[in-house]
Amino acid sequence: MVAAGAALADEVGLADLTMGLLAERVGVRTPSLYKHVGGQEDLNRRIAALALSQAADAVGGAVQGYAGRDALAASARAFRAFVLEHPGRYAATIGLEPSGPDDPLATASQRLLDAFTAVLRGYDIAESDVNHALRMLRSLCHGFATLQSAGGFQWSTDIDESFEWLIAFTDWGLRAM
């Protein structure tokens, strides 16, 4: 049910995902969905956990065997591709707080952070600055990908070229630390 909801969120947008629309899509009556999820909020949380887990798989897999700029580029490209391919499910991840350390949202979120933390090990960053570097990296990747997904880059410069410029600039900044 969660996978169907995630796919539908990607198709129609998270804001337009409803229990009724999901029920129609999977061919059941809306009350039948409550056997699987506790309601819209529960569905959205489960979609968010799924999305974070899938993003962690994508980023973690992309950086295997790479270090430094190559790992940075691989992680950024994988994250961007995930957001562009799954905009609805990725939108579910924004602004949710895990309910505790065993919450699947916390587990999946930590896996994604671990993948990006591995990228940062290729740079000489003080331990006290790792959280700042993670926030910077997430802000850059998230910002670019969500703006692109929403059609926010309407001018003629090639978007891929701009993204590669962002990777080069980020690498330069991390090496300058």
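Presented here is an overview of the structure given in this document. (Residues numbered from 1 in each chain as written. Predicted model: local features only at pLDDT ≥ 70, side-chain atom pairs only at ≥ 80, totals over all residues. Heavy atoms only, no water.)

**Remarks on the overall build of the protein**
Thought 1: Each helix and strand counted, the protein has nine helices and zero strands in total.
Thought 2: Order of helices (α) and strands (β) in the protein, N terminus to C terminus: α-α-α-α-α-α-α-α-α.
Thought 3: On the principal axes, the C-alpha backbone points of the protein span a range of 55 × 45 × 25 Å.
Thought 4: The buried share of the protein, taken over its 177 residues, is 40%. (Helix = DSSP H or I, 4+ residues; strand = E, 2+ residues; numbered from the N terminus. Buried < 20%, exposed > 50% of the residue type's maximum accessible area, 1.4 Å probe, protein only.)

**Quick notes on helix 1 (residues 2–12)**
Thought 1: Listed in full, the buried residues belonging to helix 1 are Val2, Gly5, Ala6, Leu8, Ala9 and Asp10.
Thought 2: Looking at the buried positions of helix 1, the neighbouring elements they touch are helix 2 (19–26), helix 4 (40–63), helix 5 (68–85) and helix 6 (87–91).
Thought 3: One or two positions beyond helix 1, positive phi appears at Gly13, with a value near 95°. (Contact = heavy atoms within 4.5 Å.)

**Re helix 5**
Thought 1: When the terminal C-alpha atoms of helix 5 are compared, their 26 Å separation across 18 residues agrees well with the 26 Å that a helix rising 1.5 Å per residue should span.
Thought 2: Residues Gly68, Ala71, Leu72, Ala73, Ala74, Ser75, Ala76, Ala78, Phe79, Arg80, Phe82 and Val83 constitute the buried set of helix 5.
Thought 3: Elements that come into contact with the buried residues of helix 5 comprise helix 4, helix 6, helix 7 (104–120), helix 8 (130–149) and helix 9 (159–176). (Expected span 1.5 Å × (residues − 1).)

**Digging into the pattern of salt bridges**
Thought 1: For the structure on display, the rule yields eight salt bridges.
Thought 2: Here Asp103 makes a salt bridge to Arg45, at a shortest N to O gap of 2.6 Å. Note that Asp103 is positioned in the loop between helix 6 and helix 7 and Arg45 in helix 4, a separation of 58 residues in sequence. In terms of burial, Asp103 and Arg45 fall into one category: buried. (Salt bridge = Lys/Arg side-chain N within 4 Å of Asp/Glu carboxyl O.)

**Here we look at the environment of Leu113**
Thought 1: Considering the arrangement of structural elements, one finds Leu113 in helix 7.
Thought 2: Leu113 sits in the partly exposed class, given a relative accessible area of 35%.
Thought 3: Along the chain, Leu113 and Asn131 lie 18 residues apart, while their C-alpha atoms are 9.8 Å from each other.

**With respect to a nonpolar patch on the surface**
Thought 1: Judged by side-chain polarity, Met1, Val26 and Val28 come together as a nonpolar surface patch covering roughly 180 Å² of accessible area.
Thought 2: Along the polypeptide, Met1 turns up in the segment before helix 1.
Thought 3: The class for Met1 is partly exposed, based on a relative accessible area of 30%. (Patch = residues over 30% accessible without salt bridge, like charges linked within 9 Å, V, L, I, M, F, W, Y side chains within 5 Å. Areas by Shrake-Rupley, 256 points an atom, 1.4 Å probe, with all protein chains shown as cover.)

**Some details on the side chain of Asp103**
Thought 1: Given the relative accessible area of 10%, Asp103 is considered buried.
Thought 2: A distance of 2.6 Å separates polar atoms of two side chains, one belonging to Asp103 and the other to Arg45.
Thought 3: If near-sequence neighbours (up to four positions away) are discounted, Asp103 is found in contact with Arg45 and Pro98. (Polar contact = N/O pair within 3.5 Å; in protein donor to acceptor, adjacent residues only side chain to side chain.)

**Quick word on the packing of helix 1 against helix 4**
Thought 1: Interaxial distance between helix 1 and helix 4 falls to 9 Å at its minimum, and their mutual angle equals 85°. Classed by the angle they form, the pair helix 1 and helix 4 counts as roughly perpendicular. Contact residues: Val2, Ala3, Gly5 and Ala6 in helix 1; Leu43, Arg46, Ile47 and Leu50 in helix 4.
Thought 2: Counted by class, the contact of helix 1 with helix 4 contains six nonpolar, one polar and one charged residues. (Axes fitted to C-alpha atoms, helices over the stretch in contact; angles between N-to-C directions. Parallel < 35°, antiparallel > 145°, perpendicular 65-115°, else oblique. Nonpolar A, V, L, I, M, F, W, Y, C, P; charged D, E, K, R; others polar.)

**Observations regarding the packing of aromatic side chains**
Thought 1: One pass over the structure, following the stated rule, counts seven aromatic pairs.
Thought 2: Relative to Trp155, the ring of Phe153 has its centre 5.7 Å away and its plane inclined at 80°; by these criteria the two rings are edge-to-face.
Thought 3: Judged by centre distance (5.9 Å) and plane angle (35°), the ring pair of Phe169 and Trp172 falls under tilted. Placement of both Phe169 and Trp172 in helix 9 is noted, with a separation of three residues, approximately one turn of the helix.
Thought 4: A relative accessible area of 47% places Phe169 in the partly exposed class.
Thought 5: Exposure remark for Trp172: the relative accessible area of 52% places this residue in the exposed category.
Thought 6: Taken together, the aromatic side chains of Phe144, Phe153, Trp155 and Phe163 make up a single cluster linked through ring pairs.
Thought 7: The ring of Phe163 has Arg80 sitting right over it, with the charged end atom 4.5 Å from the ring centre. (Phe/Tyr/Trp six-rings, centres within 6.5 Å; stacked < 30°, edge-to-face > 60°. Lys NZ or Arg CZ within 6 Å of the ring centre and 35° of its normal.)

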